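Residues per chain are reported as follows:
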Amino acid sequence: MATTKTTETKKKTTLVIVESPTKAGSIKGYLGANYQLEASEGHIRDLPKSTLGVDVENNFEPHYINIRNKGELIKKLKKQAKAASRVLIATDPDREGEAIAWHIAEVLGIDKRSACRVTFNEVTKGAIKAAVKNPRAIDENLVDAQQARRILDRIMGYKLSPLLWKSVKSGLSAGRVQSVATRIITEREEEIRNFVPQEYWSISARLSQEDGEQFEAKFFGNAEGKMRLSCEADAMAVKAAVEKGSFIVKNVRTAQKQSQPAAPFTTSTLQQEAYRKLNFRSQDTMKVAQELYEGINLGTENGGTQGLITYMRTDSLRVSQGAAEAAAALIGRMYGAEYVPATPNVYKTKKNAQDAHEAIRPANADFIPSKIKSHLTPKQYRLYKLIWERFIASQMTSAVYDSLAIDFENNGYVFKASGNLLRFRGYMAVYRDERDENEDEQTLSYLPTVNADTVMKTESVNAQQHFTEAPLRYTEGSLIKFLEENGIGRPSTYTTIITTILKRNYVKRDGKALVPTPLGEVTNKLMEENFPDIVSYEFTAEMESSLDEIEQGSAKLSDVLTDFYAPFEKELSRAKEKLDGETVEIPDDVSEYTCELCGKKLIYKTGRFGRFLACAGYPECKNTKAIDKNGAPVEKKEKIETLADFKCELCGADVVLRSGRHGQFYACTRYPECHFTKPKANPLRAHCPDCGAQILVRRARTKSLFYSCERYPECSFSVWDMPTEEKCPACGDMLLQRKSKKMLICRNKSCSYKAEYTVDEEVSDDTEN
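Given the structure is predicted, the values throughout are model-derived calculations rather than measurements.

### Comments concerning the overall build of the chain
Okay, step 1: For the chain, the count of helices and strands is 18 helices and 35 strands.
Okay, step 2: Since a compact globule built from 769 residues should have a radius of gyration of about 27 Å, the 36 Å found for the chain marks it as more spread out than a globular shape.
Okay, step 3: Judged by the C-alpha coordinates and their principal axes, the chain covers about 120 × 95 × 65 Å.
Okay, step 4: With an accessible surface of roughly 41,200 Å², the chain has 48% of that area assigned to carbon and sulfur atoms.
Okay, step 5: The centroid of the 111 positive side-chain charges in the chain is displaced by 6 Å from the centroid of its 107 negative side-chain charges.

### Some points on the state of the cysteines
Okay, step 1: Tallied over the full model, the rule gives zero disulfides.
Okay, step 2: Cys688 supplies the cysteine sulfur nearest to Cys715, a cysteine that is in no disulfide, at a spacing of 3.6 Å.
Okay, step 3: In this structure Cys715 comes out as buried when scored by relative accessible area, which is 6%.

### Digging into the nonpolar core
Okay, step 1: In this structure, Ile155, Leu160, Ile184, Phe564 and Phe568 are the most contacted members of the largest nonpolar core, which totals 77 residues.
Okay, step 2: Ranked by residue count, the leading element in this core is helix H5 (residues 140–167), at 10 residues.
Okay, step 3: Membership of the second largest hydrophobic core comes to 60 residues, among which are Val18, Leu270, Val288 and Ile387.

### Some thoughts on the pattern of salt bridges
Okay, step 1: This structure, assessed with the given rule, holds 41 salt bridges.
Okay, step 2: Glu544 is the salt-bridge partner of Arg176, the closest N and O atoms lying 3.4 Å from each other. Taken together, the residues span a long stretch of sequence, with Arg176 in the loop between H5 and helix H6 (178–194) and Glu544 in helix H17 (residues 537–552) at a distance of 368 residues. Across the pair, exposure class does not vary: Arg176 and Glu544 are buried alike.
Okay, step 3: The closest approach of N and O atoms between Arg253 and Asp407, which form a salt bridge, is 3.1 Å. Linking Arg253 in strand E11 (residues 247–259) with Asp407 in strand E14 (residues 399–410), this pair joins segments that are 154 residues apart in sequence.
Okay, step 4: The exposure class assigned to Arg253 is partly exposed, which follows from its relative accessible area of 38%.

### Overview of H6
Okay, step 1: The first and last C-alpha atoms of H6 sit 24 Å apart over 17 residues, in line with the 24 Å expected at 1.5 Å per residue.
Okay, step 2: Among the residues of H6, those classed as buried are Gln178, Ser179, Val180, Ala181, Thr182, Arg183, Ile184, Ile185, Thr186, Arg188 and Glu189.
Okay, step 3: Buried residues along H6 sit against helix H14 (476–485), helix H15 (494–503), strand E17 (507–510), strand E18 (513–516), helix H16 (518–530) and H17.

### Here we look at the packing of aromatic side chains
Okay, step 1: Taken as a whole and judged by the stated rule, the model has 16 aromatic pairs.
Okay, step 2: Measuring from centroid to centroid gives 6.3 Å for Tyr64 and Trp102, while their planes differ by 70°, and the two rings are edge-to-face. Of this pair, Tyr64 sits in the loop between strand E5 (61–62) and strand E6 (65–66) while Trp102 sits in helix H3 (residues 95–108), and the two are 38 residues apart along the sequence. Just as Tyr64 is buried, Trp102 falls in that class too.

### Notes on the sheet that holds strand E22 (residues 624–627)
Okay, step 1: Here we have five strands laid out as an open sheet, ordered E19-E20-E21-E22-E23, and antiparallel in their pairing. Pairing within the sheet leaves two strands with one partner each, and these edge strands are strand E19 (589–594) and strand E23 (633–634).
Okay, step 2: Sheet topology places strand E20 (residues 601–607) next to strand E21 (residues 610–615); six bridges connect them, and they run antiparallel. Paired with Gly607 across the strands is Gly610, a residue of E21.

### A look at the sheet that holds strand E1 (residues 14–18)
Okay, step 1: Read from one edge of the open sheet, three strands run E2-E1-E7, paired in parallel fashion. Looking at which strands have only one partner, the edges of the open sheet turn out to be strand E2 (35–39) and strand E7 (86–89). The mean angle between the axes of side-by-side strands here comes to 25°, regardless of whether they run parallel or antiparallel.

### Some details on the environment of Leu47
Okay, step 1: Among the secondary structure elements, Leu47 is positioned in the loop between strand E3 (45–46) and strand E4 (54–55).
Okay, step 2: Ignoring anything within four residues of it in the chain, the contact list for Leu47 reads Gly53, Val54, Pro62, His63, Tyr64, Arg150 and Arg154.

### Re the packing of H14 against H15
Okay, step 1: At their nearest, the axes of H14 and H15 sit 11 Å apart, and the two run at 125° to each other. Overall, the two elements H14 and H15 adopt an arrangement that is oblique. When the axes of H14 and H15 are compared, the crossing they make is right-handed. Packed against H14, whose contacting residues are Glu476, Leu479, Ile480, Leu483 and Glu484, the element H15 presents Tyr494, Ile497 and Ile498 at the interface.

### What about the packing of helix H9 (residues 282–294) against H15?
Okay, step 1: H15 packs onto H9 with a crossing angle of 140° between their chain directions and a minimal axis gap of 9 Å. For the element pair H9 / H15, the angle class is oblique. The handedness of the crossing between H9 and H15 comes out as left-handed. Of the residues in H15, those touching H9 at Ser282, Gln283 and Met286 are Thr495, Ile498 and Thr499.
Okay, step 2: For the contact of H9 with H15, the per-class residue count stands at two nonpolar, four polar and no charged.

### A look at the environment of Ala693
Okay, step 1: Considering the arrangement of structural elements, one finds Ala693 in the loop between strand E28 (682–687) and strand E29 (694–699).
Okay, step 2: Among the residues examined, Ala693 registers a relative accessible area of 12% and is labelled buried.
Okay, step 3: In this view, Ala693 contacts His687, Cys688, Cys709, Glu710 and Arg711; residues no more than four positions away in its chain are not counted.

### Digging into the side chain of Arg509
Okay, step 1: Looking at the element boundaries, Arg509 is found in strand E17.
Okay, step 2: A distance of 2.8 Å separates polar atoms of two side chains, one belonging to Arg509 and the other to Glu476.
Okay, step 3: Discounting residues that sit within four places of it in the chain, Arg509 has contacts with Arg281, Glu476, Leu502 and Leu514.

### Considerations on the confidence of the model for the chain
Okay, step 1: Per-residue pLDDT for the chain averages 87, and the proportion of residues at 70 or more is 92%.
Okay, step 2: Taken element by element, the chain is modelled with least confidence in E28, mean pLDDT 69, and with most confidence in helix H12 (residues 378–394), mean pLDDT 96.
Okay, step 3: For the stretch residues 1–10, pLDDT sits under 50, and the model shows zero contacts to residues farther than four places along the chain or on other chains.
Okay, step 4: Overall, residues 758–769 carries pLDDT values under 50, and its contacts beyond four positions in sequence, including any with other chains, amount to 35 contacts.

### Observations concerning the environment of Thr517
Okay, step 1: Within the secondary structure layout, Thr517 lies in the loop between E18 and H16.
Okay, step 2: Of the polar contacts made by the side chain of Thr517, one reaches the backbone oxygen of Asn505; its length is 2.5 Å.

### Things to note about the pairing of E11
Okay, step 1: The pairing of E11 with strand E16 (residues 455–467) spans two bridges and is classified as antiparallel. In the strand pairing of E16, Phe247 is matched with Met456.
Okay, step 2: As defined by bridge partners, E11 adjoins E14 across 11 bridges and the pair is classed as antiparallel. Its bridge partner being in E14, Ala255 is matched across the sheet by Ser403.

### Examining unusual backbone geometry
The phi angle of most residues is negative, glycine excepted, and most peptide bonds adopt the trans form.
Okay, step 1: A cis amide bond links Tyr618 with the next residue in sequence, Pro619, at an omega value of 10°.
Okay, step 2: For Pro619, the location among the structural elements is in the loop between E21 and E22.
Okay, step 3: The phi angle at Asn59 is positive, at roughly 55°, despite the residue not being glycine.
Okay, step 4: With a relative accessible area of 54%, Asn59 lands in the exposed category.
Okay, step 5: Phi at Asn279 takes a positive value of approximately 65°, unusual for a residue other than glycine.

Each value, and the rule that gives it
- Residues numbered from 1 in each chain as written.
- Predicted model: local features only at pLDDT ≥ 70, side-chain atom pairs only at ≥ 80, totals over all residues.
- Heavy atoms only, no water.
- Helix = DSSP H or I, 4+ residues; strand = E, 2+ residues; numbered from the N terminus.
- Rg over C-alpha atoms; globule rule 2.2 N^0.38 Å.
- Areas by Shrake-Rupley, 256 points an atom, 1.4 Å probe, with all protein chains shown as cover.
- Lys, Arg positive; Asp, Glu negative; His and termini not counted.
- Charge placed at Lys NZ, Arg CZ, Asp CG, Glu CD.
- Disulfide = S-S within 2.5 Å.
- Buried < 20%, exposed > 50% of the residue type's maximum accessible area, 1.4 Å probe, protein only.
- Core = buried A, V, L, I, M, F, W, Y, C linked by side-chain atoms within 4.5 Å.
- Salt bridge = Lys/Arg side-chain N within 4 Å of Asp/Glu carboxyl O.
- Expected span 1.5 Å × (residues − 1).
- Contact = heavy atoms within 4.5 Å.
- Phe/Tyr/Trp six-rings, centres within 6.5 Å; stacked < 30°, edge-to-face > 60°.
- Pairing = 2+ DSSP bridges.
- Axes fitted to C-alpha atoms, helices over the stretch in contact; angles between N-to-C directions.
- Parallel < 35°, antiparallel > 145°, perpendicular 65-115°, else oblique.
- Left-handed = near helix turned anticlockwise from the far one by under 90°.
- Nonpolar A, V, L, I, M, F, W, Y, C, P; charged D, E, K, R; others polar.
- Polar contact = N/O pair within 3.5 Å; in protein donor to acceptor, adjacent residues only side chain to side chain.
- pLDDT = per-residue confidence, 0-100.

Right, dumping it as structure tokens:
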């Protein structure tokens, strides 16, 4: 009888490559078993760190290399790609994400013109499935725009930085956008230093009607227009005149006005508002937003892991029709039909915006913040609530005010009073922005009834002196706003710009304010004098526009780089000649604190572990202090050391227990005169088979445990596996306990004795405390 064999062919899988393991975990649940998810963990290739990596003589051809420590990952991806039926690259939907996809395709040998690229604006089941069904080719224009940015920044960094090393300080760097950001902050500081306060006066009158209603009117000017009271004499003349006369109502204007809701967030406005309302730095905002975008486990009752917001690097104000309809339905259920506009609110995106994605919004508006709070960290909850409320408010009706404006005349002078009464909350039922909070000053609990030609009773007239104030220093929020308004940088670069200038010590924090350091001011002056174009706002904005044109396909990468490099090279040559042999002295960054040892000022210094305070009297006085995040000195905590129960083997002094990089150790109290040290190690019950001394548990430089004789180096006994008190039945040598294989083995390498052991037979290996 013949038998028939059936062979089941294993179906090949689709390999989907994303950037982060978190996103991979979120997406895995949305796709079937035939999809395999892997993460590239960001870029896998880049320009080399040790050389320029750009052939400026050959159309600026970049030379990319695999990033160090990514070798094993690349090998793994190649193996999986070879085994898969197809590969889909699902990196972020922006220029950088497209460039990462391009590099992955290059390394894996994937045809970049094939349908290998998928993008999605939100990590939700619907969005992921739709993206996988509609793959496309890699967008070479997007890749070229990102490459152009990378090459520009590399050329400027590698060509300019050596000049700074020679003239200012080694280790400095100059960048296309970071230099401009430093200039912005430095110029504001100069404005503040050079500011001269100007005196001015204001006059207010407290008025009442016959029925007792009172309100305040403020001095405006006269019939010819607004007047400025520049000194006390001017103010007192007006005050005296109106005190003699009467305030007569000349004009009463009533109207109804509407306040429109703010648009949903872009990257820039999210960073600004999170800084203002939540006190989040831009770096924190983007980190938490990334977590919300990639997915949070909301429990089985909410469908498991869900991406909570749309892609967070965007300058667009667009909202999809589906999202607008879902928001309208939710608003109707929660607040009532009167809060839903007749037609969806549409917001106009700025002219120079890339408009590649939607605005930042909840991926699913039905995930109300309060209902999922228990699944979020405090920071995640606060930021998600901010995004949810801003988006829902943006889809609601306007707030409605009744407004009143009154003009008064008194002896030829004009005073004005105004106020608003909120009639309908509209979007304010959910969210209020800075503009609405400022409006509160004009909001009244009621509007007084006033008729023309009414003579008001004067309760009091007050004149007050004021002085104009210097412009405020930039904060992270206001700097991002300035960068966006002037077209400097793009949404994905704002955080990097700020962190770079802080890290390079060009700028420091003073509370919330960003202040230039002496190093930043010196460097900015040198850049302005020698490279005025590079640090000009116009050049940087025009370069961003050129990158946008490359993305749109209306400009070529090589042409943009050629147009930049020719004048840059000439400017560089002139600067090299001018700065040859010239050095710039960096003034000390003097603090407000005084050295308690010698009375001199403490100055800020930067070392291997960041900024600290040091005495200006160094080297005579070597006093130093750690500082907190605001630059204030932190007092050193008194160390409490444990006295050992033995004396120093070299000098007989006391010995104390201390902690070092590789664990605890004993040291002589006379250090550095006496250099006696001894590692603290815990003894085993087993004894050294060579000399009979105690065996100690030690920790190697790699932090791995090993076992050695306490008489080391006189006795060289040392093993990685744990010694036991048992003897080998074959040769009589010591048996070692190999935990990884649950086995006892003989120390004698020429003896092949092995035996299994149970957990109860294990020997204790208490390690160092």
